[in-house]
Amino acid sequence: MPTEPHRETCHTPHKTVRHTFCRACHACCSVLVDIEDGVATAVRGNRDSPLYQGFCCIKGQHYADQCNHPTRLLHSLKRQVDGSYRPLPVQQAIDEIGDKLLAIRERHGPRAIAAYIGTFGSTSSSANTLLSSALMDAIGSPMNFSSNTIDQPGKFVAAALFGEWMAPSNNFAEADVVMLIGLNPLVSMSGGMPHTNPGRHLTAALKRGMQLLVIDPRRSETARRATIHLQSAPGCDVLILAAMLRTIIADDLIDRDFVAAHTRGLAALQAAVAPFTPERVAREAGVDAATLIDMAHTFARAGKGVATAGTGPNMSGNTTLLEYLVRCLNTVCGRWARAGERVIEPGTLSEFIQPRAQAMDPRPEWAYGFGEPLVRGLANTAAGLPTAALPDEILRQDEGRVRALISHGGNPVSVWPDQIKTLAAYEALELSVQIDLRMSASASCSDYVIAARHPLEMPGISLVHEFMSSYAPGFGTVAPWAQYTDAVVEPPKDSDVIEDWRFFYRLAQRMGLPLTVKPILWAGESATAPWPLDMQHEPDTEALFEQITRNARVPLAEVKRHPGGAIFDEPAVHVAAAEPGWQGRLDLGNAQMMALLAQQLERATTALEAHPYRLISRRQINVLNSTGHELPGQTHGKAYNPAYLHPLDLAALGVDAGARIRIRSARADITAIAEADNNLRRGTVSMTHGWGDRLDPSLDISEVGSSTARLIANDVDYEPFTGLPRMSNIPVSVQAL
Ligand SMILES: Nc1nc2c(c(=O)[nH]1)N[C@H]1C(S)=C(S)[C@@H](COP(=O)(O)OP(=O)(O)OC[C@H]3O[C@@H](n4cnc5c(=O)[nH]c(N)nc54)[C@H](O)[C@@H]3O)O[C@H]1N2
Ligand SMILES: Nc1nc2c(c(=O)[nH]1)N[C@H]1C(S)=C(S)[C@@H](COP(=O)(O)OP(=O)(O)OC[C@H]3O[C@@H](n4cnc5c(=O)[nH]c(N)nc54)[C@H](O)[C@@H]3O)O[C@H]1N2
Ligand code: SF4
Ligand SMILES: [Mo]
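Sequence order as written defines residue numbering, which begins from 1 separately in each chain. The lettering of chains begins at A and the numbering of ligands begins at 1, in the order of writing. Per-residue local features are limited, in this predicted model, to residues with pLDDT of at least 70; the limit for side-chain atom pairs, both in listing and counting, is 80 or more; totals at the level of whole chains, interfaces and linings are taken over all residues. Remark: hydrogens and water are excluded; side-chain values derive from all non-hydrogen atoms of the structure.

A. A look at the overall build of the chain. When helices and strands are tallied, the chain shows 27 helices and 30 strands. Taken against the 2.2 N^0.38 rule, which gives 27 Å for 737 residues, the C-alpha radius of gyration of the chain at 25 Å falls within 12% of a compact globule. In terms of principal-axis extent, the alpha carbons of the chain reach across some 80 × 70 × 65 Å. For the chain, buried positions account for 60% of its 737 residues. Any pair of residues with heavy atoms lying within 4.5 Å of one another is described as a contacting pair. Long-range contacts, defined here as pairs at least 24 residues apart, represent 77% of the contacts in the chain between residues at least 6 apart. What sets the accessible areas is the Shrake-Rupley method with a 1.4 Å probe; for residues, cover comes only from the shown protein chains. For the chain, the exposed area adds up to about 27400 Å²; of that, 52% sits on carbon and sulfur atoms. Two residue types count as positive, namely Lys and Arg, and two as negative, namely Asp and Glu; His and chain ends fall outside the count. Charged side chains are reduced to one point each, which is NZ for Lys, CZ for Arg, CG for Asp and CD for Glu. Taking the average location of the 67 positive side-chain charges in the chain and that of its 78 negative ones, the two points are 3 Å from each other. Counting from the N terminus, the helices are DSSP H or I runs at least four residues long and the strands are E runs at least two residues long. Using C-alpha atoms as the atom set, the radius of gyration is obtained and then compared with a globule rule of 2.2 Å times the number of residues to the power 0.38. Categorising residues by exposure relies on relative accessible area from a 1.4 Å probe, with only protein chains included: less than 20% of the type maximum marks a residue as buried, more than 50% marks it as exposed, and the intermediate range marks it as partly exposed.

Pasting the structure below:
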């Protein structure tokens, strides 16, 4: 075949296709990566995966762009006296940080050192959070925070107050009904439906007759496919759940056998929900009472199913009470797996614990706070330390204050509630370290920025997706899937980037601290003993993975035999019968929860004159919190987060779509760009968080977006157990500019 002569001398790129899984979120989608000359050029779904069936969302499709992006950090940086940043070798950064941490510990004690782990601390590699926690233990500091307590912390505290069923909730694969209270899994891949290609699983489930019930002030992507959508006013979910419980109990639709055998407190619950008549609640929530009753009946009458709540209502006040009532609803309807049933998702690489048809008693001490008290009387709980209290711990005026912060795979300045206070806290820190891929807002406020390896440059195990099923009832997927991946590319030439966990390891080496790793477990008691690391010879990631998975149901070596991942459902796992003489019971009538519920009808529900709108949270498919804003292919060039309002509200305000508006809360005001959305309930303003991530005031909001974190006060309207402030359902006013 004739060829053009100049082509012959031209370099032919070496192309390969590799299996891996996406670590841009907890869904761990199985994907294929095109690699040309050692550079990842494209990512797409793996059609051969029976679970994901070729799914790869827009974030995953741009995973290579994130890795190769010109703004990607390829060297660690140190802030200079004039505020500029200069690159330095990562080992030098580690040595300097280690020496400074030792000096701070020496002068002020270990508690002066805090760590914060964000979303990507855990998704980027399963070794990361283990090593950062081991370092904090070795330092002797309890101040180990995570994004869990600015998310849905009530899930953990409610479980502590309610008790836990020691087998899974009903699985989506067998559900006749699913109730979603303020979550939008078709966008967020969160719970209520499988996080592994949720759209595909939902279509199949609706086809087989499953009923989808959605409660959301917005006709969300998920609500659009619902059998019944209750478009209630934000912040009314506790009232709605109480009314549903009242209806189900009054109409005798409860699972009497399950309730009698495994619970206590039904009478207390029945008395507590009595005042919550559907008519009264419907008035408060601005919905139709008949629809509310229909929804309760549909949920209770179906054979199997599950109710689950998301970030929206959790952030609208009362995260613990909300999650407690969700547990009550599932339990009175008996939505838990029974003895002899096959466990649909028993976990693969996580430590295997035999599910049993029995209830674990409540552990209220995990809810009421333990350990050293923090500001506002907050403390550690089953959900972890209250992250919303950390800025105040840094800003404390006494000797006990926090002086150093290591932030890893999270972005405090952009996403912590109360940005004004967070910025002040960063100013007050003696040492701030940010481990990141790019110059995020938090990086630009830190003394040291550690350039991390991109996940495509690191081996990985898909453990984080397995943890979804133990997060809360209704989370998880429909099969035990696991995947191992090697690093599919090497970091760019001349770069100096580090696997996150090695940063913690080498920091410990520099500080002369031996590290002992504790197993990760989200539910149950671990049988895996902590293991000490060899501090002389740095282990490789493989060796850590071997350790982490050593009590797994399926050996890591077996998972590695399937480069594209696989379903590991043999041998089947069944729910075992209760242990003889077992006494544990779930508590439907916790006195404190019942008392808190009684206060809910009395609360002021009328919108304040000054702040007639409610700002509600949401997520968007193409970015993850503050990540991905810099990738034009991903944002389609729309590098901001609009403030969505109902067209009639826009008209009433005299605001055109695309115009600038001022949104004012009791805490602060922000400028935003208005957009019309007739899917919204009137009176709400729907916005994503994490935007405005570049702090340069010369940038226009159309280039960076608007920060909703500025509108939040972290110390006014917060939940007493977890310290979670109001981060949705925020009273605001809206004005044309
Ligand atoms: N108003 C309001 N506030 C909210 C919420 C809300 O709904 N409304 N949601 C809350 C919730 S649920 C959460 S979880 C938090 C999110 O809290 P965070 O996890 O703290 O925030 P992210 O924006 O996810 O931060 C991710 C950071 O990790 C970096 N990163 C991305 N990929 C990688 C990687 O592979 N390795 C490393 N080392 N770094 C990486 C990104 O550049 C970014 O700086 O925000 C909370 N804040
Ligand atoms: N694409 C994408 N996926 C993500 C993320 C992302 O940023 N982008 N973030 C990840 C993170 S950190 C998390 S925690 C999960 C969260 O996942 P989800 O909990 O599903 O979060 P959202 O998608 O924001 O859906 C929350 C819904 O609650 C509604 N809502 C707001 N306030 C209220 C209220 O008071 N009551 C009721 N009933 N509804 C209300 C909103 O309109 C919205 O539709 O998503 C994860 N997945
Ligand atoms: S859903 Fe999550 S894991 Fe899957 S492709 Fe999108 S970002 Fe990646
Ligand atoms: Mo989250």
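B. Quick peek at the packing of helix α10 (residues 237–250) against helix α12 (residues 266–273). Axis definition: a line fit to C-alpha positions, over the contact stretch in the case of helices; interaxial angles, taken between N-to-C directions, run 0 to 180 degrees. Packing of α10 against α12 leaves a shortest axis separation of 9 Å and a crossing angle of 120 degrees. Relative to α12, α10 is oriented oblique. Regarding α10 and α12, the two cross each other, and that crossing is left-handed. Together, A242, L245, R246 and I249 of α10 and L266, L269, Q270 and V273 of α12 make up the contact between the two elements. Looking at side-chain class alone, the contact of α10 with α12 contains six nonpolar, one polar and one charged residues. Between 65 and 115 degrees an angle is taken as roughly perpendicular, under 35 as roughly parallel, over 145 as roughly antiparallel, and anywhere else as oblique. Note on convention: the crossing is left-handed when the near helix lies turned anticlockwise from the far helix by less than a right angle, right-handed when the turn is clockwise. We call Asp, Glu, Lys and Arg charged. Ala, Val, Leu, Ile, Met, Phe, Trp, Tyr, Cys and Pro are nonpolar, and the rest, Gly among them, are polar.

C. The packing of aromatic side chains, seen in detail. Stacked, tilted and edge-to-face are the three classes assigned to paired rings of Phe, Tyr and Trp, where Trp is represented by its six-membered ring and a pair needs centres within 6.5 Å; plane angles under 30 degrees give stacked, over 60 edge-to-face, the rest tilted. Counted by the stated rule, this structure contains nine aromatic pairs. Each ring, one from Y116 and one from W416, has its centre 5.1 Å from the other, and the planes form 90 degrees; the classification is edge-to-face. Residue Y116 is located in strand β6 (residues 113–117), and its partner W416 is located in the loop between α18 (412–415) and α19 (419–428); the two are separated by 300 residues in the primary sequence. Relative accessible area serves as the criterion here: at 1%, Y116 is assigned to the buried category. Since its relative accessible area comes to 1%, W416 is described here as buried. For the pair W165 and F258, a centre-to-centre distance of 5.0 Å together with 65 degrees between the ring planes defines the contact as edge-to-face.

D. Examining the side chain of S126 more closely. With respect to the helices and strands, S126 occurs in the loop between α5 (119–123) and α6 (128–139). A polar contact of 3.3 Å, which involves the side chain of S126, links it to the backbone oxygen of I461. Discounting residues that sit within four places of it in the chain, S126 has contacts with I461, L463, I520, F545 and I548. Here a polar contact is recorded for every N or O atom pair within 3.5 Å, except that within protein the pair must consist of a potential hydrogen donor and a potential acceptor, and residues adjacent in sequence are included only if both atoms are side-chain atoms.

E. Summary view of the site of ligand 1. Within the structure, ligand 1 sits among 30 residues, and Y116, T119, D436, R438 and S626 are positioned closest to it. Within the backbone of G409, a nitrogen or oxygen atom sits 3.4 Å from an oxygen atom of ligand 1. For ligand 1, whose free accessible area comes to 910 Å², the fraction covered by protein is 98%. For the shell around ligand 1, the class distribution of residues is eleven nonpolar, 14 polar and five charged. Here the shell around ligand 1 spans two domains, and each of domain 1 (72–153 + 345–574) and domain 3 (606–736) adds at least three residues to it. Residues are classed as near a molecule or strand on a simple rule: at least one heavy atom within 4 Å of it. Bear in mind that the domain bounds are from an automatic or database domain assignment.

F. The nonpolar core, seen in detail. Core analysis: the biggest nonpolar cluster contains 122 residues, and M179, I240, I248, L269, Y324, V332 and L597 have the highest contact counts within it. The element contributing the most residues to this core is α10, with ten residues. Ignoring anything within four residues of it in the chain, the contact list for L269 reads L245, I249, C328, V332, L588 and M594. Buried residues of nine kinds, namely Ala, Val, Leu, Ile, Met, Phe, Trp, Tyr and Cys, make up a nonpolar core once their side-chain atoms join them within 4.5 Å.

G. The arrangement of the pairing of strand β30 (residues 730–736) in detail. Note on pairing: DSSP must find at least two bridges between two strands before they are called paired. For strand β25 (residues 613–618) and β30, the ladder comprises three bridges, and the chain directions are antiparallel. Its bridge partner lying in β30, R614 is registered against P731. Pairing of strand β27 (residues 660–664) with β30, which is carried by four bridges, proceeds in the antiparallel orientation. By the bridge assignment for β30, I661 is matched with A736.

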